[in-house]
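Inside the fold
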Amino acid sequence: MDLKLLFISALLGIISCSRAQQEGNECIKANALSCGECIQVGAKCGWCTDAEFLKQGEPTSARCDELESLKKRGCTEAKIENPHGSQRILKNTPVTNRKKGAEKLKPEDITQIQPQKLSLQLRSGEPQNIKLKFKRAEDYPIDLYYLMDLSYSMKDDLENVKNLGTSLMKEMSKITSDFRIGFGSFVEKTVMPYISTTPAKLLNPCTGDQNCTSPFSYKNVLKLTSNGQRFNSLVGQQQISGNLDSPEGGFDAIMQVAVCGEHIGWRNVTRLLVFSTDAGFHFAGDGKLGGIVLPNDGRCHLENDMYTMSHYYDYPSIAHLVQKLSENNIQTIFAVTEEFQPVYKELKNLIPKSAVGTLSANSSNVINLIVDAYNSLSSEVILENSKLPEGVTITYQSRCKNGVVNEGENGRKCSNISIGDEVSFNINITAQGCPKQGKTETIKIKPLGFTEEVEITLSFICECECHKHAMKNSPLCHNGNGSFECGACRCNKGRVGRQCECRKDEVSTEDLDKNCRKDNGTDICSNNGECVCGTCECKKRENPEERYSGKYCECDNFNCDRSNNKLCGGHGRCECRVCVCDANYTGSACDCSLDTSTCLASNKQICNGRGICECGTCRCTDPKFQGPTCEICPTCPGVCTEHKECVQCRAFGTGEKKDTCKRDCSYFNLIEVEDRDKLPQPVQAFPLMHCKERDARDCWFYYTYAVNNNTEKEVHVVKTMECPPGPDIIPIVAGVVAGIVLIGLALLLIWKLLMIIHDRREFAKFEKEKMNAKWDTGENPIYKSAVTTVINPKYEGK
């Protein structure tokens with residue numbers, strides 16, 4: 001079962017490897033018949049212009065291959081067409097380093113993005129990298145247009161906005177010295193379902209005695225101006241109006257503000273649109289309620305500053321608004337009440353470079369809202385590009401403040417940018433293939449909300465340089481039936497063949513097929529190709545590295561002998577089913593090395609002087625010797641003694657090398673056996689040495705030493721030693737006796753010491769009592785002297 005699994009996994013590995021090769025070489029798979037077709041396949045592909053490059057039987061498309069493969073096949077680098085793309089910077093004005101209070105510049109003289117104009121030449125599959133620099137200029141001019149809902153619910157808001165002009169001018173002067181402000185208003189479309197059910201209400205749509213103006217869709221009250229007092233004056237003259245339903249027609253007004261640039265007075269500066277309302281909005285499709293079915297055309301329809309086509313065109317869609325706001329570089333600030341915050345936040349997510357602020361019930365906080373929203377919008381730069389030509393892709397990478405790098409969709413933007421900060425963008429532009437007719441295309445990249453842009457002209461490399469030197473109707477192409485270019489014939493219409501020698505209607509005939517049969521056999525092109533105009537064009541293999549060749553496609557480069565599962569042993573190349581070996585290799589599979597360095601023994605002799613070096617491997621001629629260099633002699637004297645210490649430490653954990661056993665004695669495989677009868681016998685294919693050794697305790701151990709056919713050292717050892725009886729107990733008894741003697745001596749010394757101490761104490765006590773004793777000097781009445789004096793009667797004193 002394991003063998004089956006191993007075989008299946010190996011087979012799958014070969015198949016996946018083959019697929020990887022097939023998928024990897026897109027150049028051959030493309031079947032390119034000209035240099036121009038080849039270089040459009042990808043940046044890895046090159047075309048060999050050498051007229052003698054193709055082998056017999058190889059098709060013209062074989063000239064197109066990966067660069068390294070072409071070199072290996074014999075095409076010199078000078079003969080390989082491999083054009084590369086290029087780029088030129090046409091306008092590169094440095095970004096403006098301007099500070100507030102400095103000399104006033106015209107808006108068109110301020111530069112925030114660099115470079116401004118480039119020209120790119122694109123090769124298919126090869127990206128061109130451009131670097132853009134963006135810097136927020138200080139004191140940059142601002143145009144702000146205030147678009148206000150004048151339905152009845154905004155009555156108290158209008159009172160606060162009447163003084164907005166001068167107050168906002170004062171606040172914005174802290175940001176820029178060049179600020180202009182305009183004003184517009186909107187209510188609803190002037191069709192009956194949106195206003196009232198009775199025509200009488202058109203003149204005064206408000207209830208009760210309230211004085212309201214007639215409803216209108218959009219009115220441009222004040223063109224952008226730097227006169228704050230005029231803003232206050234004109235806004236103060238405005239009156240509120242009314243309508244029937246809650247959503248308002250603000251989208252109509254936003255569209256007109258965006259596309260009517262001349263009426264509004266937009267300059268090429270920062271453009272802000274403040275949209276103020278306390279209600280929702282109508283969008284595309286809602287006009288059907290009033291019988292309006294024509295979609296909004298996205299054009300300006302202002303007459304006397306009034307939108308005149310509200311009854312004719314439907315409301316614009318959100319996508320339409322996004323397009324027009326982006327085209328005109330307008331950043332939108334939605335100043336709406338708390339109730340409609342969720343709705344407009346969703347709308348903000350659909351409109352790039354827009355912000356939402358919470359408007360108080362009477363618009364008293366509108367100035368702070370505008371300033372905060374402007375700071376939020378201006379602190380982020382987002383790049384967008386115009387529509388790309390077919391087959392062209394673009395990727396962005398941004399390098400923002402504090403070394404932050406963004407890629408993918410986030411690579412288009414940088415956030416938290418302050419005035420004077422500089423960020424950069426790396427942009428890769430790649431073409432796949434060549435656009436029809438190879439015409440130049442122009443794309444534009446710009447930061448959203450800014451009027452500046454980068455213009456990039458794209459041209460495409462659709463033909464090779466050698467195409468310019470083509471010889472039309474060349475005699476090399478069968479009497480002028482094609483153009484000879486880039487080393488091959490490009491046939492005229494209706495002609496085929498390597499030299500354009502046949503018409504398409506005579507590609508295959510019996511007479512021509514005879515030229516494609518080897519030795520008048522039956523197989524056409526050896527069953528490995530097709531006969532085209534009497535010439536074999538060999539089939540292509542699934543693996544593009546494998547090729548048929550030869551006049552009859554009888555040769556190939558993949559059916560040679562193998563060694564170690566490698567074609568020609570990995571040391572040669574296969575030509576017409578025969579291995580052509582590299583230097584220092586020979587044999588049918590190039591598996592025999594002529595290098596003798598691997599046969600040198602430690603004494604610098606080839607095979608230790610006891611063998612022959614064949615294909616880089618020693619063949620020992622002396623039967624006693626073996627090993628890679630014939631230096632191992634298992635049966636030579638001294639072998640047992642040489643390995644004794646290592647066998648002893650590994651098998652029994654004793655001996656002189658027991659502390660260094662792991663380091664010094666891991667050079668052989670140790671196999672333990674039960675007894676001596678189980679030890680290997682010298683009847684096998686490789687020499688064997690039986691050993692008997694004795695350790696320091698006079699114990700014997702038995703083992704065999706051998707080097708097997710795989711040059712591995714093997715030691716079989718009996719796992720128990722043979723030791724003589726008795727002597728083993730002597731050291732134990734001697735130890736016990738010695739211990740007892742030592743204990744007795746210790747006890748004796750302790751007893752002697754205690755006796756000395758006791759005697760000294762008794763003597764000291766006696767001396768003390770002697771000194772303290774008091775004797776009586778009187779005589780004992782019963783005392784009788786022991787001495788008797790006898791006088792000799794005969795003694796006369798003489």
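What comes next is a walk through the structure. (Residues numbered from 1 in each chain as written. Predicted model: local features only at pLDDT ≥ 70, side-chain atom pairs only at ≥ 80, totals over all residues. Heavy atoms only, no water.)

Considerations on the overall build of the protein
The cut-off we apply is this: We count a stretch as a helix when DSSP gives it H or I for four or more residues in a row; a strand needs E for two or more, and each element gets its number in order from the N terminus. Each residue is assigned to one of three classes by its accessible area relative to the maximum for its type, calculated with a 1.4 Å probe on protein chains only: buried under 20%, partly exposed between the two thresholds, exposed over 50%. Pairs of residues are marked as contacts when any of their non-hydrogen atoms sit within 4.5 Å.
The number of helices and strands found in the protein is 17 helices and 42 strands. By residue count, 43% of the 798 residues in the protein fall in the buried class. Put simply, 61% of the contacts in the protein that link residues at least 6 apart link residues at least 24 apart.

Some thoughts on the state of the cysteines
Put simply, the rule reads: Cysteine sulfur atoms are paired as a disulfide whenever they fall within 2.5 Å.
According to the stated counting rule, one finds 25 disulfides in the structure shown. Across the disulfide from Cys 560 sits Cys 574; the S-S distance is 2.0 Å. Residues Cys 560 and Cys 574 are joined by a disulfide whose S-S torsion is about 80°; by sign, that bridge is right-handed. One end of the pair, Cys 560, is in the loop between strand 30 (555-556) and strand 31 (562-563); the other, Cys 574, is in strand 33 (residues 572-575), and 14 residues separate them in sequence. Overall, the relative accessible area of 7% leaves Cys 560 in the buried class. Using a relative accessible area of 8% as the deciding quantity, one classes Cys 574 as buried. In this model, Cys 649 is linked to Cys 661 through a disulfide, with the two sulfur atoms separated by 2.1 Å.

Some words on the environment of Cys 464
Tracing the backbone shows Cys 464 in the loop between strand 22 (454-460) and strand 23 (482-485). Look at Cys 464 and you get buried, because its relative accessible area is 3%. Dropping the residues within four chain positions of it, Cys 464 is found in contact with Cys 35, Gly 36, Ile 39, Glu 81 and Cys 486.

What about empty space enclosed by the protein?
Filter applied, for reference: Cavities and pockets are found on a 1 Å grid laid over the protein atoms alone: a cavity is a set of points where a 1.4 Å probe fits but cannot escape, a pocket is an open set with protein on both sides within 12 Å along at least five of seven lines, and a lining residue has an atom within 4 Å of such a point. Grid points are joined across faces, edges and corners, and a volume is the space filled by probe spheres set on the points. As a working rule, the residues Ala, Val, Leu, Ile, Met, Phe, Trp, Tyr, Cys and Pro are called nonpolar, Asp, Glu, Lys and Arg charged, and the rest polar, with Gly in that last group.
One pass over the full model with this rule turns up four cavities of 30 Å³ or more. The space that makes up the largest cavity amounts to roughly 150 Å³. Lining the largest cavity we find 13 residues, and of these Pro 59, Ala 62, Lys 539, Lys 540 and Arg 547 sit closest to its centre. The class makeup of the residues in the lining of the largest cavity is six nonpolar, one polar and six charged. Within this model, the second largest cavity holds a volume of roughly 100 Å³. Around the second largest cavity, the lining is made up of 13 residues, and of these Arg 136, Ala 137, Tyr 140, Thr 270 and Tyr 374 lie nearest the centre. Here the residues of the lining of the second largest cavity are counted per class, giving six nonpolar, four polar and three charged.

Examining helix 8 (residues 228-236)
Basically, it comes down to this: N or O atoms closer than or at 3.5 Å make up a polar contact, with two conditions inside protein: a donor-capable atom paired with an acceptor-capable one, and, for residues adjacent in sequence, both atoms drawn from side chains.
For helix 8, the complete set of buried residues consists of Gly 228, Phe 231, Asn 232, Leu 234 and Val 235. Contacts from the buried residues of helix 8 go to helix 5 (155-161), helix 6 (164-172), strand 9 (179-186) and strand 10 (218-225). Two or three places before Gln 229, at the start of helix 8, stands the capping residue Asn 227, its side-chain oxygen 3.1 Å from that residue's backbone nitrogen.

Quick notes on the packing of helix 6 against helix 8
Each packed pair of helices is defined by two parameters, the angle between the axes and the distance between the axes. Definition in use: Throughout, an axis means a line fitted to C-alpha atoms (over the contacting stretch in the case of helices), and angles, computed between N-to-C directions, take values from 0 to 180 degrees. Orientation categories follow fixed angle ranges, with anything under 35 degrees roughly parallel, anything over 145 roughly antiparallel, 65 to 115 roughly perpendicular, and all other angles oblique.
For the pair helix 6 and helix 8, interaxial distance at closest approach is 6 Å and the crossing angle is 150°. On the basis of the axis angle, helix 6 is roughly antiparallel to helix 8. Here Leu 164, Gly 165, Thr 166 and Met 169 of helix 6 come into contact with helix 8, specifically with Gly 228, Gln 229, Phe 231 and Asn 232. A per-class count over the contact of helix 6 with helix 8 returns three nonpolar, five polar and no charged.

Observations concerning the pattern of salt bridges
The cut-off we apply is this: Counted as salt bridges are all cases of a side-chain nitrogen of Lys or Arg within 4 Å of a carboxyl oxygen of Asp or Glu.
The final tally for this structure, using the stated rule, is 26 salt bridges. The residue Arg 267 makes a salt bridge to Asp 143 at a minimum N-O spacing of 2.9 Å. Of this pair, Arg 267 sits in the loop between helix 10 (261-264) and strand 11 (270-277) while Asp 143 sits in strand 8 (residues 142-149), and the two are 124 residues apart along the sequence. Neither Arg 267 nor Asp 143 differs from the other in exposure class; each is buried. We note a salt bridge from Lys 189 to Asp 252, for which the minimum N-O separation is 2.8 Å. Of this pair, Lys 189 sits in the loop between strand 9 and helix 7 (192-195) while Asp 252 sits in helix 9 (residues 250-259), and the two are 63 residues apart along the sequence. Asp 252 shares its class with Lys 189; the two are buried. Through salt bridges that share partners, Asp 143, Asp 178, Arg 180 and Arg 267 make up one connected network.

Some thoughts on the packing of aromatic side chains
The criterion, for reference: Any two rings among Phe, Tyr and Trp, with Trp reduced to its six-membered ring, count as a pair given centres within 6.5 Å; such a pair is stacked if its planes are under 30 degrees apart, edge-to-face if over 60, and tilted if neither. Cation placement over rings: the criterion is NZ of Lys or CZ of Arg within 6 Å of the ring centroid and within 35° of the ring normal.
According to the stated counting rule, one finds 16 aromatic pairs in the structure shown. With centroids separated by 4.6 Å and ring planes inclined at 15°, the aromatic side chains of Phe 251 and Phe 281 adopt a geometry described as stacked. Of the two residues, Phe 251 is situated in helix 9 and Phe 281 in the loop between strand 11 and strand 12 (302-303); the sequence distance between them amounts to 30 residues. In terms of burial, Phe 251 and Phe 281 fall into one category: buried. When the centroid spacing of 5.5 Å and the interplanar angle of 45° are considered together, the rings of Phe 334 and Tyr 344 count as tilted. Separated by ten residues along the polypeptide, Phe 334 in strand 14 (residues 330-336) and Tyr 344 in helix 12 (residues 341-350) bring together distant segments of the chain. Take Tyr 344: its relative accessible area is 0%, and that puts it in the buried class. Taken together, the ring pairs in this structure connect Phe 186, Phe 251, Phe 275, Phe 281, Phe 283, Phe 334 and Tyr 344 into an aromatic cluster. Above the face of the Phe 668 ring, Arg 650 is positioned so that its terminal group lies 4.5 Å from the ring centre. Between Arg 676 and the ring centre of Tyr 702, over which it is positioned, the NZ or CZ distance is 3.9 Å.

Describing the sheet that holds strand 3 (residues 80-81)
Just so we agree on the cut-off: DSSP calls a pair of strands paired once it identifies at least 2 bridges connecting them.
Read across the open sheet, the three strands follow the order 2-1-3; overall the sheet is antiparallel. The sheet is open, and its two edges are formed by strand 2 (64-66) and strand 3, each paired on a single side. The sheet contact formed by strand 1 (residues 45-48) and strand 2 spans three bridges and is antiparallel. Paired with Cys 45 across the two strands is Glu 66, which belongs to strand 2.

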